[in-house]
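# Fold and geometry: a report
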Amino acid sequence: MRHINRSFVLAMLVLGSNVFAADSSKELPWSSVHLEGMRLQLVSPKAKDRSVGLFFGKGGHLAITSCTEGTCTGPLTTWKIENNRLKTGFAPTEGIALIGVAANKLTLREPSGKIVVYEIVEKSGS
């Protein structure tokens, strides 16, 4: 037991406090992030042959690039912040909560409760 506790403490020291940076029970205000002009890439959870990219354009336009095994689609939809939720498309009852912000990553909680992490690839217009 002592060996396990020592290993855990050593791992925490190596990984740092960022392990707990995104508390899924807490929410941050979306006003702390300027989404317009931002490009995001899904990093977790990520399937082996799948990628998802988001580009938040001016005027509430959202370009989504979703690739599976080399085949990509790029629908254009809308985005807005309403009641401290990121709402995409035209589903007025759904919204994504912001639960973590790091220098280059956003941690989000989807309406289903699933936690996802996006890397900030580009920030323009901020």
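Keep in mind that what you see is a predicted model, and the values were worked out from it rather than measured.

This paragraph deals with the overall build of the protein. What the protein contains, in helices and strands, is 1 helix and 9 strands. Moving toward the C terminus, one meets the helices and strands of the protein in the order α-β-β-β-β-β-β-β-β-β. Taking all 126 residues of the protein together, 27% fall into the buried category. Of the contacts formed within the protein by residues at least 6 apart in sequence, a portion of 40% connects residues at least 24 apart. For the protein, the computed accessible surface area is about 8,400 Å², with 56% contributed by carbon and sulfur atoms.

Before going further, it helps to spend a moment on the pattern of salt bridges. Any two side chains of opposite charge can pair if their charged atoms end up close together. Tallying each qualifying case throughout the model produces 5 salt bridges. Ionic pairing is found between E27 and R85, a salt bridge with its closest N-O pair at 2.7 Å. Note that E27 is positioned in the loop between α1 (2-15) and β1 (38-44) and R85 in strand β6 (residues 85-88), a separation of 58 residues in sequence. Classification of E27 by relative accessible area gives partly exposed; the value is 33%. For K80, the salt bridge identified is with E82, shortest N-O distance 3.3 Å. For K80, a relative accessible area of 41% gives the class partly exposed. Among the charged side chains, a network of salt bridges with common partners joins E27, R85 and R109.

All right, on to the confidence of the model for the protein then. Mean pLDDT over the protein stands at 81; residues scoring 70 or higher make up 78%. Taken element by element, the protein is modelled with least confidence in α1, mean pLDDT 34, and with most confidence in strand β8 (residues 105-109), mean pLDDT 97. Every residue in residues 1-21 is under pLDDT 50, and counting partners more than four places away or in other chains gives 3 contacts.

Turning to the state of the cysteines, a few remarks are in order. Per the stated rule, a full pass over the model turns up 1 disulfide. The partner cysteine of C67 in its disulfide is C72, sulfur to sulfur 2.0 Å. When the S-S torsion is 110°, as for the bridge of C67 with C72, the disulfide is right-handed.

This brings us to the pairing of β6. Inspection of the sheet shows strand β5 (residues 76-82) paired to β6 by 4 bridges, in the antiparallel sense. Opposite W79, over in β6, you have T88 as the bridge partner. Linking β5 back to β6 in an antiparallel pair, the connection comprises 2 residues, with N83 at a positive phi of about 55°.

Definitions and limits used
Residues numbered from 1 in each chain as written. Predicted model: local features only at pLDDT ≥ 70, side-chain atom pairs only at ≥ 80, totals over all residues. Heavy atoms only, no water. Helix = DSSP H or I, 4+ residues; strand = E, 2+ residues; numbered from the N terminus. Buried < 20%, exposed > 50% of the residue type's maximum accessible area, 1.4 Å probe, protein only. Contact = heavy atoms within 4.5 Å. Areas by Shrake-Rupley, 256 points an atom, 1.4 Å probe, with all protein chains shown as cover. Salt bridge = Lys/Arg side-chain N within 4 Å of Asp/Glu carboxyl O. pLDDT = per-residue confidence, 0-100. Disulfide = S-S within 2.5 Å. Pairing = 2+ DSSP bridges.

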